[in-house]
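What follows is the residue order along each chain.
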Amino acid sequence: MNDTPPLAGGWHPRSDLSGTARNAAVTFTLGDLAYVGTGANTDKDPLADFWQYDPAKNSWTQIADFPGKARSEAVGFTIGDKGYVGTGLDRITGNLLKDFYAYDAATNKWTPIADFGGSARRSAIAFTVDGIGFVGTGSDGAEQKDLWAYNPATDSWTRKADFGGRARLGAATFVINNIAYLGTGSTNNVNQNDFWAYDASKDVWKERRNFTGTSIARSYSVGFSINKIGYLITGACTQRSGDYDVWAYDPTDDSWDTKSSFEGTARTRAVGFATSSKGYITTGSSGQTRFNDLWEFTPDGN
């Protein structure tokens, strides 16, 4: 799908996720460690296991299982020293979920928190700005565009300004300088390529330059930021295919530039996370194949 010669940025395989291969998993980071869990190995096989990845040791360690129903298409975010996971789809019953839990790495325990403030849903987005968690968009049977903020001090959710674009599921997001960026995704089975910036301090959305990847519109991509640059990777360019191109967004001039193509198998419904200098992508699917490989991305190619 992307025939452009590789530019800046390099990919390196790292240790595979020790757990079952899966797609539609969830991730969050605490300090220098990343956490990956839930998801599904097959359409009727939801998972509740959770794993900690240490980039310095390139090793995975299993932690306490997620205590809610096994699920896929959930969301995760980090506030302070805790990770938060909730919403999603129970593939056994087909029920959508809105329960939420906080994970404390110091005690290796999960604690239930207030249920998500909006409707039960799957394939939403989540991000954190200035100590507040945000969850929005996704599908409760129909695509949504509402946005909700979680305050851990009061264990409460507050509705914020609706996303500025069309309602959607399977969008991508990243945060740069306390501004969240959200775009792509699918509306009524049509992939989107618009991109928006959300200023949480003003509760305002502003449209930015459309995503300009080779296959343009897509859904279920991976997004993360490194050194004030956002990256959008992989995703479904049609309803049944995965892509492997890598695009960088610079908010200073509202521009997109291509980077070295992802060197793993093209995929959709993967998860990604970032440290201060490197990005990572793991899990996902291509057709009926689920993955547990882990790839490390260095922006300067070293």
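Residues numbered from 1 in each chain as written. Predicted model: local features only at pLDDT ≥ 70, side-chain atom pairs only at ≥ 80, totals over all residues. Heavy atoms only, no water.

Focus: the layout of surface pockets
Then comes step 1: Taken as a whole, the largest pocket holds about 1200 Å³ of empty space.
Then comes step 2: Elements with a contribution of two residues or more to the lining of the largest pocket: β2 (26-30), β6 (75-79), β10 (125-129), β14 (172-176), β20 (222-226) and β24 (271-274).
Then comes step 3: A breakdown of the residues in the lining of the largest pocket according to their chemical character gives 24 nonpolar, 15 polar and 3 charged. (1 Å grid on protein atoms, 1.4 Å probe; cavity = no way out; pocket = protein on both sides within 12 Å on 5 of 7 lines; lining within 4 Å. Points joined across faces, edges and corners; volume = space filled by probe spheres on them. Helix = DSSP H or I, 4+ residues; strand = E, 2+ residues; numbered from the N terminus. Nonpolar A, V, L, I, M, F, W, Y, C, P; charged D, E, K, R; others polar.)

Side note on the packing of aromatic side chains
The description of an aromatic ring pair rests on the distance of the ring centres and on the angle between the ring planes.
Then comes step 1: Counted according to the given criterion, the structure contains 40 aromatic pairs.
Then comes step 2: Judged by centre distance (5.1 Å) and plane angle (15°), the rings of Phe-273 and Tyr-280 are stacked. Neither Phe-273 nor Tyr-280 differs from the other in exposure class; each is buried.
Then comes step 3: Cluster of aromatic residues (ring-pair linked, three or more members): Phe-28, Tyr-35, Phe-50, Phe-66, Tyr-101, Tyr-103 and Trp-110.
Then comes step 4: For Arg-267, the ring lying beneath its charged end belongs to Phe-291, and the centroid distance is 4.1 Å. (Phe/Tyr/Trp six-rings, centres within 6.5 Å; stacked < 30°, edge-to-face > 60°. Buried < 20%, exposed > 50% of the residue type's maximum accessible area, 1.4 Å probe, protein only. Lys NZ or Arg CZ within 6 Å of the ring centre and 35° of its normal.)

Focus: the confidence of the model for the protein
Then comes step 1: A residue-level look at the protein finds 93% of positions with pLDDT of 70 or above and a mean pLDDT of 93.
Then comes step 2: Across residues 1-7, where pLDDT falls below 50, the model places 17 contacts with residues more than four positions away in sequence or in other chains. (pLDDT = per-residue confidence, 0-100. Contact = heavy atoms within 4.5 Å.)

Description of the sheet that holds β10
Then comes step 1: Reading across from one edge, β10-β11-β12-β13 is the order of the 4 strands in this open sheet, with antiparallel pairing throughout. Two strands lie at the open edges of the sheet, namely β10 and β13 (156-160), each paired on one side alone. Ignoring which end each strand starts from, the neighbouring axes of this sheet average 25° apart.
Then comes step 2: Pairing of strand β12 (residues 147-151) with β13 involves 5 bridges; the strand directions are antiparallel. The residue bridging Leu-147 from the neighbouring strand is Lys-160, located in β13. (Pairing = 2+ DSSP bridges. Axes fitted to C-alpha atoms, helices over the stretch in contact; angles between N-to-C directions.)

Considering the pattern of salt bridges
Then comes step 1: For the structure on display, the rule yields 13 salt bridges.
Then comes step 2: Between Asp-81 and Lys-82 there is a salt bridge, with the nearest N and O atoms lying 3.6 Å from each other.
Then comes step 3: Within the structure, one salt-bridge network assembled from shared partners comprises Glu-73, Arg-91, Arg-122 and Arg-269. (Salt bridge = Lys/Arg side-chain N within 4 Å of Asp/Glu carboxyl O.)

Quick word on the environment of Thr-289
Then comes step 1: Here Thr-289 lies in strand β27 (residues 289-290).
Then comes step 2: Residues Thr-289 and Gly-138 lie 151 residues apart in sequence; the distance between their C-alpha atoms is 24 Å.

Structural notes on the sheet that holds strand β7 (residues 82-90)
Then comes step 1: With antiparallel pairing, the 4 strands of this open sheet are ordered in space as β6-β7-β8-β9. Edge positions in the sheet fall to β6 and β9 (109-113), since each of these pairs with one other strand and no more. Each neighbouring strand pair of the sheet contributes to a mean axis angle of 25°, computed without reference to strand direction.
Then comes step 2: Here strand β8 (residues 95-104) pairs with β9 via 5 bridges, running antiparallel. Looking across to β9, one finds that Phe-100 is bridged to Ile-113.

With respect to the environment of Ala-153
Then comes step 1: Relative to the helices and strands, Ala-153 is located in the loop between β12 and β13.
Then comes step 2: Assessed through its relative accessible area of 71%, Ala-153 is described here as exposed.
Then comes step 3: C-alpha of Ala-153 to C-alpha of Thr-20: the two residues are 133 residues apart in sequence and 35 Å apart in space.

A few points about the side chain of Asp-90
Then comes step 1: Relative to the elements of secondary structure, Asp-90 occurs in strand β7.
Then comes step 2: At 3.0 Å, the side chain of Asp-90 and the backbone nitrogen of Ile-92 are in polar contact.
Then comes step 3: Of the polar contacts made by the side chain of Asp-90, one reaches the side chain of Thr-93; its length is 3.1 Å.
Then comes step 4: Leaving out residues up to four positions away in the same chain, Asp-90 has contacts with Lys-69, Ala-70, Asn-95 and Leu-97. (Polar contact = N/O pair within 3.5 Å; in protein donor to acceptor, adjacent residues only side chain to side chain.)

Points about unusual backbone geometry
Then comes step 1: Of note in this structure, Asn-58 is not a glycine but carries a positive phi near 50°.
Then comes step 2: With respect to the secondary-structure elements, Asn-58 resides in the loop between β4 (50-54) and β5 (59-63).
Then comes step 3: Even without a glycine there, the phi angle at Asp-155 is positive, about 50°.
Then comes step 4: Among the secondary structure elements, Asp-155 is positioned in the loop between β12 and β13.
Then comes step 5: Owing to a relative accessible area of 35%, Asp-155 belongs among the partly exposed residues under this scheme.

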